[in-house]
Amino acid sequence: MNQKHESRPRLNGKVAMITGATGGIGEATAKLFLQEGASVMLVARSAEKLKETRERLGIDTRLSDFVADATDEAATAAAVDATVKAFGGIDILIANAGTEGPVKPIEAQSMADFEQVLRTNVIGVWLAMKYCVAPMKKRGGGSMIALSSIAGVIGSPGLAPYIASKHAVYGLVKTVALELGASKIRVNAIGPGPIDNRMIRSIETQASSENPDAVRAYFTTMIPMQRYGTNEEVAQLALFLASDDASYCTGGIHMIDGGFTAA
Ligand SMILES: NC(=O)c1ccc[n+]([C@@H]2O[C@H](COP(=O)([O-])OP(=O)(O)OC[C@H]3O[C@@H](n4cnc5c(N)ncnc54)[C@H](OP(=O)(O)O)[C@@H]3O)[C@@H](O)[C@H]2O)c1
């Protein structure tokens, strides 16, 4: 931690709800937000994984958790209520729960596959945003951050449901930013390139079960910085967008992709 962070925790007194908090980016974001003074509600669908995540993050009075599937409206509403009850309000939403879905050509994708990806990645983000509006208005403002992807601005063979879902996230972010600007609620998307964690490994393995390393090598050739990003690097961008440092940022998709989409 550098001097600047020690002297000025950037989320002091803020309350954040993080969905998909048991995943790579979600946990790294929770850890950084706790370090920066926020109270954090971890939301995820697996009670077991939540327990493990909490154990890794350590005991902290500013940390709580709630089990909710991102596709379940009542559970999402209850997660927002639980956050307000635990910490007195809500200032930051990290709508991060997401699934890569199956990697298959379009003619091999099933209706169920497609629907599951859209339900999680699009309806899940929309629900979290929807139920955070009232408590954020009560606080006089807030910051909503949704995880889109480079998949929100480019295509990629074999990933039709995921690509469609991440483009939709960007559309949601732009629309909700327009609706909530006057209420001082900023709404932004993060667009990571390949991040070195479970999800990208699943995509590599689905693309080539016999040689996932070759897929990784191929993806790496498409990244000007010639490496995957880390969960911690994405968390730093989330911190910026969540904090008052980003006071004039809304409606944008903020790429963090080693230059992948610059070409
Ligand atoms: N990794 C990358 O390269 C990359 C690149 C661009 C964007 N992203 C986006 O970043 C976000 C975080 O993903 P990650 O990279 O951290 O991958 P991850 O480690 O697989 O984390 C995904 C998280 O979402 C949760 N989740 C999935 N379906 C859910 C559902 N129906 N209800 C509730 N939670 C659900 C997972 O819970 P379970 O563990 O219970 O499944 C997990 O906590 C995702 O939106 C992803 O699309 C990732």
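A quick note: this is a predicted structure, and the numbers were derived from the prediction, not measured. (Residues numbered from 1 in each chain as written. Predicted model: local features only at pLDDT ≥ 70, side-chain atom pairs only at ≥ 80, totals over all residues.)

1. Some thoughts on the sheet that holds strand S1 (residues 15–19)
Okay, so step 1: Spatially, 7 strands are ordered S3-S2-S1-S4-S5-S6-S7 in an open sheet, and the strand pairing comes out parallel. Only two strands of the sheet have a single partner each, and these edge strands are strand S3 (63–67) and strand S7 (253–256). Neighbour-to-neighbour, the strand axes of the sheet open up by a mean angle of 20°, direction not taken into account.
Okay, so step 2: Of the strands in this sheet, strand S2 (39–44) and S3 touch helix H3 (residues 47–57), which is tilted by about 170° from S3.
Okay, so step 3: Sheet strands in contact with helix H6 (residues 160–180) are strand S5 (142–147), strand S6 (185–192) and S7, and its direction is about 165° off that of S6. (Pairing = 2+ DSSP bridges. Helix = DSSP H or I, 4+ residues; strand = E, 2+ residues; numbered from the N terminus. Axes fitted to C-alpha atoms, helices over the stretch in contact; angles between N-to-C directions. Contact = placed C-beta atoms within 7 Å.)

2. Quick word on the packing of helix H5 (residues 111–139) against H6
Okay, so step 1: Where H5 contacts H6, the two axes come as close as 9 Å, and the packing angle between them is 15°. Here H5 lies roughly parallel to H6, going by the angle between them. In terms of crossing hand, the pair formed by H5 and H6 is right-handed. Taking contact as the criterion, the partners of Asp113, Phe114, Val117, Leu118, Asn121, Val122, Val125, Trp126, Met129 and Val133 in H5 are, on H6, Pro161, Tyr162, Ser165, Lys166, Ala168, Val169, Leu172, Val176 and Leu180.
Okay, so step 2: In the contact of H5 with H6, the residues fall into 15 nonpolar, 2 polar and 2 charged. (Parallel < 35°, antiparallel > 145°, perpendicular 65-115°, else oblique. Left-handed = near helix turned anticlockwise from the far one by under 90°. Nonpolar A, V, L, I, M, F, W, Y, C, P; charged D, E, K, R; others polar.)

3. Some remarks on the environment of Asp81
Okay, so step 1: For Asp81, the position within the fold is in helix H4 (residues 73–87).
Okay, so step 2: Looking at Asp81, the number of C-beta atoms within 10 Å reads 14, which means it is partly exposed.
Okay, so step 3: The spacing of Asp81 and Cys132 is 51 residues in sequence and 9.1 Å in space, taken between C-alpha atoms. (Buried ≥ 20, exposed ≤ 12 C-beta atoms within 10 Å, placed from the backbone.)

4. Structural notes on the packing of helix H2 (residues 24–35) against helix H9 (residues 231–242)
When two helices pack together, their arrangement is given by the angle between their axes and by how far apart the axes lie.
Okay, so step 1: Packing of H2 against H9 leaves a shortest axis separation of 8 Å and a crossing angle of 55°. In terms of orientation, H2 and H9 fall into the oblique class. At the point where H2 passes H9, the crossing takes the right-handed sense. Of the residues in H9, those in contact with Gly24, Ile25, Ala28, Thr29, Leu32 and Phe33 of H2 are Asn231, Glu232, Val234, Ala235, Gln236, Ala238 and Leu239.

5. So, unusual backbone geometry
Okay, so step 1: Its identity is not glycine, yet Lys184 carries a phi of approximately 60°, on the positive side.
Okay, so step 2: Unlike most non-glycine residues, Gln226 shows phi in positive territory, near 60°.
Okay, so step 3: Looking at where Gln226 falls in the secondary structure, it is placed in the loop between helix H8 (212–221) and H9.
Okay, so step 4: Using a count of 10 C-beta atoms within 10 Å as the deciding quantity, one classes Gln226 as exposed.

6. Observations regarding the site of the ligand
Okay, so step 1: Every one of the 27 residues lining the ligand counts as a neighbour, but Gly20, Gly23, Ala70, Gly98 and Ser149 are closest to it.
Okay, so step 2: Counting residues per element, the ones that place at least two in the shell around the ligand are H2 and helix H7 (198–207).
Okay, so step 3: By residue class, the composition of the shell around the ligand is 10 nonpolar, 13 polar and 4 charged.
Okay, so step 4: The two domains that each donate at least three residues to the shell around the ligand are domain 1 (3–193 + 230–254) and domain 2 (195–228). (Near = placed C-beta within 6 Å. Domains from an automatic or database assignment.)

7. Considerations on the environment of Tyr218
Okay, so step 1: Among the structural elements, Tyr218 can be located in helix H8.
Okay, so step 2: The spacing of Tyr218 and Glu204 is 14 residues in sequence and 10.0 Å in space, taken between C-alpha atoms.

8. A closer look at the pairing of strand S4 (residues 92–95)
Okay, so step 1: Of the two faces of S4, the one lined by Ile92 and Ile94 and the one lined by Leu93 and Ala95 are each fully buried.
Okay, so step 2: Both S1 and S4 contribute to a ladder of 3 bridges, which runs parallel. When the bridges of S4 are listed, Ala16 appears paired with Ile92.
Okay, so step 3: Pairing analysis gives 4 bridges linking S4 to S5, with the strands arranged parallel. Bridge pairing in S5 places Ile94 opposite Ile145.

9. Brief notes about the environment of Arg139
Okay, so step 1: Position of Arg139 among the secondary structure elements: in helix H5.
Okay, so step 2: The exposure class of Arg139 is partly exposed, given the 16 C-beta atoms found within 10 Å.
Okay, so step 3: Ignoring sequence-local partners within four residues, the contact set of Arg139 consists of Gly89 and Asp91.

10. Quick look at the domain arrangement of the protein
Okay, so step 1: Partitioning the protein into domains gives domain 1 (3–193 + 230–254) and domain 2 (195–228).
Okay, so step 2: Taken together, the contact between domain 1 and domain 2 spans 12 residues of the former and 10 residues of the latter.
Okay, so step 3: Every element with two or more residues in the side of domain 1 that touches domain 2 is listed here: H2 and H9.
Okay, so step 4: Residues belonging to the side of domain 1 that touches domain 2 are distributed by class as follows: 5 nonpolar, 6 polar and 1 charged.

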